[in-house]
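A closer look at the structure
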Protein chains: 2
Amino acid sequence: MPALPKTSDEAVIRAARVVLERDGAAGFSMQAVATAVGVRAPSLYKRFPDRDALLQTVAEDAARDLGARMVVADRAASTPAALTAMARAYRAFAHQAPHAYGLLFSASTPPSVEARAAAAAPVLQRLASLVGARQKLRAARLVTAWLHGFVSMELAGAFRLGGDVDGAFDYGLATLIAAAAATSRAPAGRRAGS
Amino acid sequence: MPALPKTSDEAVIRAARVVLERDGAAGFSMQAVATAVGVRAPSLYKRFPDRDALLQTVAEDAARDLGARMVVADRAASTPAALTAMARAYRAFAHQAPHAYGLLFSASTPPSVEARAAAAAPVLQRLASLVGARQKLRAARLVTAWLHGFVSMELAGAFRLGGDVDGAFDYGLATLIAAAAATSRAPAGRRAGS
DNA sequence: ACCTGAACACCGTTCAAGT
DNA sequence: ACCTGAACACCGTTCAAGT
């Protein structure tokens, strides 16, 4: 007599995200997730090999979400406008789900390389159209590094010297887009400022 | 009859850093630290209130180390040269002590605001001399966000699309320094590209 | 098939007792 | 003063037994 499933992979992942945002990555427990979906902790091991695997699945899920938001933000007229919209959507996602965001670049349970690449794809494409395929990777690393750095420092409370943080974000974004665009007009291989 | 101390705060912190780099933040255990200094775990609670307090002390220690390296790198002729040297020293520190570096911007056990500020002070000062006091905070947030983002994405394995990562670092650094310097020549309050 | 209670290992932490 | 063993709570994980 097969036992009726009391939950599903999707429900577990959804509950795990709620628990993660409530308790943080360090406080994240299988018991809390199990309680949230109405089963006992051992049942979760029928669906996920261990806690890290569940956290990694949550990371993949979050990466997918982020990618979807990038796609929506990408529906903008000009390339600079689309890049600005995507950067703001990226930051908004991190503010809404800080612990899931933290998983995206975690040492222990990062999402798969493919999941990360998929989330970043829209940005890459817009940058390619801005700076050309040749400079694309460099420009992407410049912009995404700044974006991740800004957002994660902000989440870590590292911007506490006062001042206008929103303004600093807009300033950084505009400066970077302008700098990347300027680089594309320079001879290939040249490094700005050197 | 007083019992002879078998260890010291400093020895515990030193051992904790070794254990941290070996086992990672998630795997970091009081037992491992205790074993490393030759006592039993309960003894550590005479020195540090709990595991998080020990990790936070390690974060402070790491911030101090990083600050010291910044000061050394700051002994350079020109301001752009000093900024380049500091950025490279920063990245080298993160490569040498990735888990201690991770603590510097962690959600659960960050260093004190003062410790972080002290480590960043030399960079702030050089940027002030480059862009003026008025633009200092913005420029600092631009540069440190990129720096932290680049380094932490690198550590998280997010730069796996190939290409020259060292080159991307030099390119980003030169681009940012040039962009920050250019901004300082624009009217105050103006945002580049807008 | 999926769920459960019981059990085990491991860790953080407390505390009374040792020197 | 500082150290220790014993104990407790809590969690991850396994597994035999239930339906």
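Treat the numbers as computed from the prediction; the structure is a model and nothing was measured.

So, about the pattern of salt bridges. One pass over the full model with this rule turns up 18 salt bridges over all chains. For Arg 88 of chain B, the salt bridge goes to Asp 170 of chain B, with nearest N and O atoms at 3.1 Å. Here Asp 170 of chain B lies in helix H9 (residues 165–185) and Arg 88 of chain B lies in helix H5 (residues 79–96), a separation of 82 residues in the sequence. Using a relative accessible area of 45% as the deciding quantity, one classes Arg 88 of chain B as partly exposed. Judged by relative accessible area, which is 22%, Asp 170 of chain B ranks as partly exposed. Salt bridges sharing partners connect three or more residues here, namely Arg 17, Asp 61, Arg 64 and Asp 65 of chain A.

Residue and element names in this part refer to chain A. With respect to the element layout, Arg 17 can be found in helix H1 (residues 9–27). A polar side-chain atom of Arg 17 sits 2.9 Å from a polar atom in the side chain of Asp 61. Aside from chain neighbours lying at most four places away, what touches Arg 17 is Val 58, Asp 61, Ala 62, Asp 65, Phe 93, Ala 97 and Ala 100.

A volume near 1500 Å³ is recorded for the largest pocket. Lining of the largest pocket is provided by 44 residues; of these, Gly 102 and Ser 106 of chain A together with Gly 102, Ser 106 and Ala 107 of chain B occupy positions nearest its centre. Only H1, helix H4 (51–73), helix H6 (98–104) and helix H8 (133–155) of chain A together with helix H1 (9–27), helix H4 (51–73), helix H6 (98–104) and helix H8 (133–155) of chain B provide two or more residues apiece to the lining of the largest pocket. Classifying every residue of the lining of the largest pocket by side-chain character gives 20 nonpolar, 18 polar and six charged.

Within the secondary structure, Ala 168 of chain B is located in helix H9. Spatially, the C-alpha atom of Ala 168 of chain B lies 9.3 Å from that of Phe 150 of chain B, the residues being 18 residues apart in sequence. Once you skip the residues sitting within four places of it in the chain, Ala 168 of chain B turns out to touch Arg 141 of chain A together with Phe 150 of chain B.

Note on interface size: it is often stated as the accessible area lost on association of the parts. All names here are of chain A. What the domain assignment reports for chain A is domain 1 (1–48) and domain 2 (66–190). Taking the mean C-alpha position of each, domain 1 and domain 2 sit 32 Å from one another. Opposite the five residues of domain 1 that make contact, domain 2 presents six residues. Buried surface at the junction of domain 1 and domain 2, both sides included, amounts to about 430 Å², of which 61% is carbon and sulfur. It is Arg 17, Leu 20 and Glu 21 that lose the most area in domain 1 upon contact with domain 2, and together they represent 82% of the buried surface on that side. Here domain 1 and domain 2 share zero salt bridges between them. Put simply, domain 1 and domain 2 have two residue pairs in polar contact (both at pLDDT 80 or more) between them.

Rules of the game
Residues numbered from 1 in each chain as written. Chains lettered and ligands numbered in written order. Predicted model: local features only at pLDDT ≥ 70, side-chain atom pairs only at ≥ 80, totals over all residues. Heavy atoms only, no water. Salt bridge = Lys/Arg side-chain N within 4 Å of Asp/Glu carboxyl O. Helix = DSSP H or I, 4+ residues; strand = E, 2+ residues; numbered from the N terminus. Buried < 20%, exposed > 50% of the residue type's maximum accessible area, 1.4 Å probe, protein only. Polar contact = N/O pair within 3.5 Å; in protein donor to acceptor, adjacent residues only side chain to side chain. Contact = heavy atoms within 4.5 Å. 1 Å grid on protein atoms, 1.4 Å probe; cavity = no way out; pocket = protein on both sides within 12 Å on 5 of 7 lines; lining within 4 Å. Points joined across faces, edges and corners; volume = space filled by probe spheres on them. Nonpolar A, V, L, I, M, F, W, Y, C, P; charged D, E, K, R; others polar. Domains from an automatic or database assignment. Buried area = accessible area lost by both parts, 1.4 Å probe.

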